[in-house]
2 protein chains.
Amino acid sequence: MTGHTKSKRYHHGDLRRAILDAGEEELSERGVAGFSLRRVAARVGVSHTAPAHHFGDAAGLIDALAERGFRSLVDCMEARQERAIQTAYERLIATGQGYLDFALSEPAMFRLIFGLDQTPAEGSSLQAAALSAFMTLARAVGDLRGADPMLDPEGRIEVLACWTRAHGIADLILSGYIELPDGENAEAERDAFFRNMLAVNLSPRDV
Amino acid sequence: MTGHTKSKRYHHGDLRRAILDAGEEELSERGVAGFSLRRVAARVGVSHTAPAHHFGDAAGLIDALAERGFRSLVDCMEARQERAIQTAYERLIATGQGYLDFALSEPAMFRLIFGLDQTPAEGSSLQAAALSAFMTLARAVGDLRGADPMLDPEGRIEVLACWTRAHGIADLILSGYIELPDGENAEAERDAFFRNMLAVNLSPRDV
DNA sequence: CGTCGATCTTTCCACTGTCAAGATATTCTT
DNA sequence: AAGAATATCTTGACAGTGGAAAGATCGACG
């Protein structure tokens, strides 16, 4: 007889998920600096200490949200990969564009996951989610190289080169120091800009 | 008869500078998230509302600190430039290394200036300081190209390429997702690593 | 010497996260 | 099926935060 109406039950039933959902909304509306545990609780219609039982403290909720964030990041990258021309090179570019899609569509979440107070705990599900995101990129680099890039120093440098480029673009856009084209067909222009940025390089050969 | 002793004068005399100094210390100790206006005031030995008259509100103090931060960033980049082999290419690499020096020596400040809630106001001294930092990098790129890179789209892309690379490295290190070598002669290893990262690239030619 | 404005303090408010203790519902044991 | 143990959620308190308002003190300028 568990009524589907949201009548005032003492026990929520699915509070953990509800808090995470509300937390995501709160995050995107107020940003990471303006994030408030009490507001999230109020949003769900629950007392301000209710989240504690599920997440420990505020940092615990942040970590749980970050885990979702990393998954969303992976989704964004994979979505672009699938839409891309199926060349190793194109898939790598697409991966970077997915990274940027995520940053632009969930800026606060982007800032959250890359601004955690401390690196994810060893063996935590958060760490696993972060690693999953990293592997998505590493695989794309590996497909282009034809070998696991993590096995030799040169390959690792290449993975980091791709990552830092995409990350730098994303972070500086969110900071407001890089302006994006916003003309008529802004989306196409952005894609072209991102493609240029992700591909262009200045290597010793250029000297 | 202005005694040099720090006796309890009602008027501080140089409160603005004192608050900025204390703010920098507080920032480096507690980080941007744990930054507290009241603690800064207490540190100077002044009431918690005293800063308001000089900086407006907390955001005003943050902006003033950010201005210092950008100046420090410029200092770091120029210091490396001067120590570098005087080749346009080497000076550009050095500029990037200076960027990273700043991020590593003042991580909280780095996070502060690139995580401002809103982009610096038009015409503000903060904006001027930020622009000065950007120009330091743009000049280094221009010296290598032999022309002002800001005049044509290709040049702008190159500047942004250098900037985003250096920024991505810095931010991901501070996030804890990129580990730094910390062996015996860690400093030399780091420099080598940074040099690799700043120089390595994956351009369309590589495909 | 007196007035005025700048500087700093005191007091209060709404808001934050966390803790301790109590209320309620669910599940487990017998 | 009944009672006990446990999980879940609420209430109330606390120290901390930034900001507003009003008062105290000082410096400068007539």
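Residues numbered from 1 in each chain as written. Chains lettered and ligands numbered in written order. Predicted model: local features only at pLDDT ≥ 70, side-chain atom pairs only at ≥ 80, totals over all residues. Heavy atoms only, no water.

Focus on the relation of the copies chain A and chain B
Note on the identical chains: chain A maps onto chain B by a rotation of 180° and an axial translation of 0.0 Å, with an RMSD of 0.1 Å. Taken together, these values place the two copies in the relation of a two-fold axis. In terms of proximity to the rotation axis, the leading residue of chain A is Gly168 of chain A, whose C-alpha is 1.9 Å off the axis. Both copies contact each other with a shared surface, as 100% of the interface residues of chain A are interface residues in chain B too. (Least-squares fit on C-alpha atoms with pLDDT ≥ 70 in both. Contact = heavy atoms within 4.5 Å.)

Observations regarding the packing of helix 4 (residues 58-83) of chain B against helix 5 (residues 88-105) of chain B
Residue and element names in this part refer to chain B. The interhelical angle for the contact between helix 4 and helix 5, taken along N-to-C directions, is 140°, at an axis separation of 7 Å. Classified by the interaxial angle, the pair formed by helix 4 and helix 5 is oblique. The crossing of helix 4 and helix 5 is right-handed. Every residue of helix 5 that contacts helix 4 at Gly69, Ser72, Leu73, Cys76, Met77, Arg80, Gln81 and Arg83 is listed here: Arg91, Ala94, Thr95, Gln97, Gly98, Tyr99, Asp101 and Phe102. Residues that form the contact of helix 4 with helix 5 fall into these classes: six nonpolar, six polar and four charged. (Axes fitted to C-alpha atoms, helices over the stretch in contact; angles between N-to-C directions. Helix = DSSP H or I, 4+ residues; strand = E, 2+ residues; numbered from the N terminus. Parallel < 35°, antiparallel > 145°, perpendicular 65-115°, else oblique. Left-handed = near helix turned anticlockwise from the far one by under 90°. Nonpolar A, V, L, I, M, F, W, Y, C, P; charged D, E, K, R; others polar.)

Quick notes on the state of the cysteines
A full pass over the atoms with the stated rule returns zero disulfides over all chains. Free of any disulfide, Cys76 of chain B has its nearest neighbouring cysteine sulfur in Cys162 of chain B, separated by 18 Å. (Disulfide = S-S within 2.5 Å.)

What to know about the protein's contact with DNA strand C
Looking at DNA strand C, there are 23 residues lining it, with Leu37 and Arg38 of chain A together with Ser47, His53 and His54 of chain B nearest. Put simply, 60% of the atoms of DNA strand C that lie within 4 Å of the protein are in sugar or phosphate. The contact in question runs from a base oxygen of DNA strand C to an N or O atom on the side chain of His48 of chain B, over 3.5 Å. His53 of chain B is positioned such that a nitrogen or oxygen atom in its side chain is 3.3 Å from a phosphate oxygen of DNA strand C. Elements that contribute at least two residues to the surface near DNA strand C include exactly helix 2 (37-44) of chain A together with helix 3 (50-55) of chain B. Considered class by class, the residues forming the surface near DNA strand C number eight nonpolar, twelve polar and three charged. (Near = heavy atom within 4 Å. Polar contact = N/O pair within 3.5 Å; in protein donor to acceptor, adjacent residues only side chain to side chain.)

A short note on the protein's contact with DNA strand D
In the region of DNA strand D, 23 residues are neighbours, and Ser47 and His53 of chain A together with Leu37, Arg38 and His48 of chain B sit closest. Backbone atoms, meaning sugar and phosphate, form 58% of the atoms of DNA strand D found within 4 Å of the protein. Contact distances for DNA strand D include 3.0 Å between a base oxygen and a side-chain N or O atom of Thr49 of chain A. His48 of chain B is positioned such that a nitrogen or oxygen atom in its side chain is 2.6 Å from a base oxygen of DNA strand D. Of the residues belonging to the surface near DNA strand D, the class tally is eight nonpolar, twelve polar and three charged.

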